[in-house]
Amino acid sequence: MHLVFDLLSWGAWSPDFQTPESWLQWQQPNSNPSPKPDSPALKHIPAMQRRRFSRLTKMMLTAAYQCQPDNNCRSIFSSRHGELTRTLGLLKDIAQKQALSPMAFSQSVHNTASGIFGIVNNNTASSTSIAAGEQTLTQALIEAYAQLAQSPQPVLVVFGDDPVPPVYSEFTHEVELPLALGLYLAPFNSTPLQVKTQMTATTLQHTLAQRMTLSVSDHPLGLGNLDNKKHQDNISLSELIHHIASGKHIQGKLCHWYWSLEHHA
């Protein structure tokens with residue numbers, strides 16, 4: 001299977017890299033010693049709403065907001081673990097015979113971020129939630145590819161996860177979390193080379209004389225003169241985000257698939 005997209009815009013948030021510009025410093029995470037907030041501020045959402053959200057929901061909403069998608073766009077939210085921390089808290093309350101919080105119960109489902117995204121943006125378009133173990137992000141892209149084949153209007157893909165509670169840590173080996181990534185995707189070669197992309201949620205805008213193409217395959221890709229050995233090299237999700245931010249090509253294995261990011265002048 002070979003999936004190719006035009007990448008119209010993107011967003012990403014982690015405790016170390018909280019803005020699109022900061023991902024340029026991915027190899028120097030301690031270059032700014034000033035303390036950083038542990039979760040996104042979500043200043044565009046009223047405080048009475050956002051104070052109820054988990055960090056995972058805040059991260060995913062932030063990545064989605066940074067993409068600046070069209071109003072009422074389709075969306076795909078993907079998370080391996082979802083609101084596991086909140087769910088575990090509910091289970092502890094049950095074991096201790098404590099009353100359950102209706103708010104915590106309502107936001108313990110796997111599609112919490114998807115539902116809240118629709119509510120806060122008054123978005124009534126279709127939204128899908130996906131969990132697929134270590135291949136959660138890849139499966140979200142397969143879903144996006146299928147939706148774009150059915151209708152060419154761009155689709156927003158958001159991936160996010162928090163570290164699992166300590167009781168589950170022996171069953172996972174994810175070292176990059178917490179992290180959220182948003183990708184606003186269109187069918188390959190469907191957009192003009194001049195793509196206006198809002199790179200942040202504030203005022204910074206860039207007009208890019210390039211198109212970013214994201215390619216994902218379940219077998220090694222033939223990419224012209226690029227060294228085939230690099231097809232076997234593992235890349236991290238943070239590394240991929242850094243190359244999106246810096247406009248650099250990259251290829252390698254991620255989530256058991258082979259990824260390629262190309263920037264077209």
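Worth saying up front: this structure is predicted, and the values here are computed from it rather than measured.

Here is what the cut-offs are and how they apply
- Residues numbered from 1 in each chain as written.
- Predicted model: local features only at pLDDT ≥ 70, side-chain atom pairs only at ≥ 80, totals over all residues.
- Heavy atoms only, no water.
- Phe/Tyr/Trp six-rings, centres within 6.5 Å; stacked < 30°, edge-to-face > 60°.
- Helix = DSSP H or I, 4+ residues; strand = E, 2+ residues; numbered from the N terminus.
- Buried < 20%, exposed > 50% of the residue type's maximum accessible area, 1.4 Å probe, protein only.
- Expected span 1.5 Å × (residues − 1).
- pLDDT = per-residue confidence, 0-100.
- Contact = heavy atoms within 4.5 Å.
- Core = buried A, V, L, I, M, F, W, Y, C linked by side-chain atoms within 4.5 Å.
- Salt bridge = Lys/Arg side-chain N within 4 Å of Asp/Glu carboxyl O.

## Brief notes about the packing of aromatic side chains
Point 1. By the definition in use, this model includes three aromatic pairs.
Point 2. Relative to Y145, the ring of F5 has its centre 5.9 Å away and its plane inclined at 85°; by these criteria the two rings are edge-to-face. With F5 in strand β1 (residues 2–13) and Y145 in helix α6 (residues 136–150), this residue pair connects regions lying 140 residues apart in the sequence.
Point 3. Measuring from centroid to centroid gives 4.8 Å for F17 and W23, while their planes differ by 35°, and the two rings are tilted.
Point 4. What makes F17 buried here is its relative accessible area of 6%.

## Thoughts on α6
Point 1. Its 15 residues place the ends of α6 21 Å apart at the C-alpha level, agreeing with the 21 Å of an ideal helix rising 1.5 Å per residue.
Point 2. What α6 keeps buried is the set T136, L137, T138, A140, L141, A144, Q147 and L148.

## With respect to the confidence of the model for the chain
Point 1. When pLDDT is averaged along the chain, the result is 84, and 84% of the positions lie at 70 or above.
Point 2. In this model residues 193–210 is a low-confidence stretch, pLDDT under 50, and it forms 41 contacts with partners more than four residues away in sequence or in other chains.
Point 3. Taken as a whole, residues 221–232 scores under 50 in pLDDT and shows 20 contacts with residues more than four places along the chain or in a different chain.

## Overview of helix α3 (residues 84–95)
Point 1. Helix length check: α3 (12 residues) gives 16 Å between terminal C-alpha atoms against 16 Å at 1.5 Å per residue, within 8%.
Point 2. Of the residues making up α3, those classed as buried are R86, L88 and L90.
Point 3. Phi turns positive one or two residues past the end of α3, at K97, with a value near 60°.

## A short note on the environment of E21
Point 1. Secondary-structure assignment places E21 in the loop between β1 and α1 (47–50).
Point 2. Taking the C-alpha atoms as reference points, E21 and H242, 221 residues apart in sequence, are found 9.4 Å from one another.

## Here we look at the nonpolar core
Point 1. One finds W10, L141, L183, L185, L237 and W259 to be the most contacted residues of the largest nonpolar core, which totals 35 residues.
Point 2. Those elements that place two or more of their residues in this core are β1, α6, β4 (155–161), β5 (179–187), β8 (211–217), α7 (237–246), β9 (250–254) and β10 (257–264).
Point 3. Here L237 is in contact with L137, F159, E176, L179, L181 and L254, once residues within four sequence places are set aside.
Point 4. C73, A113, I116 and F117 belong to the second-largest nonpolar core, a separate cluster that totals 22 residues.

## Some details on the pattern of salt bridges
Point 1. Inspection of the entire model under this criterion finds three salt bridges.
Point 2. Close ionic contact of E83 with R86 constitutes a salt bridge, the shortest N to O distance being 3.9 Å. Like E83, the residue R86 is buried in the burial classification.
Point 3. Through salt bridges with shared partners, one network takes in D38, R55 and D162.

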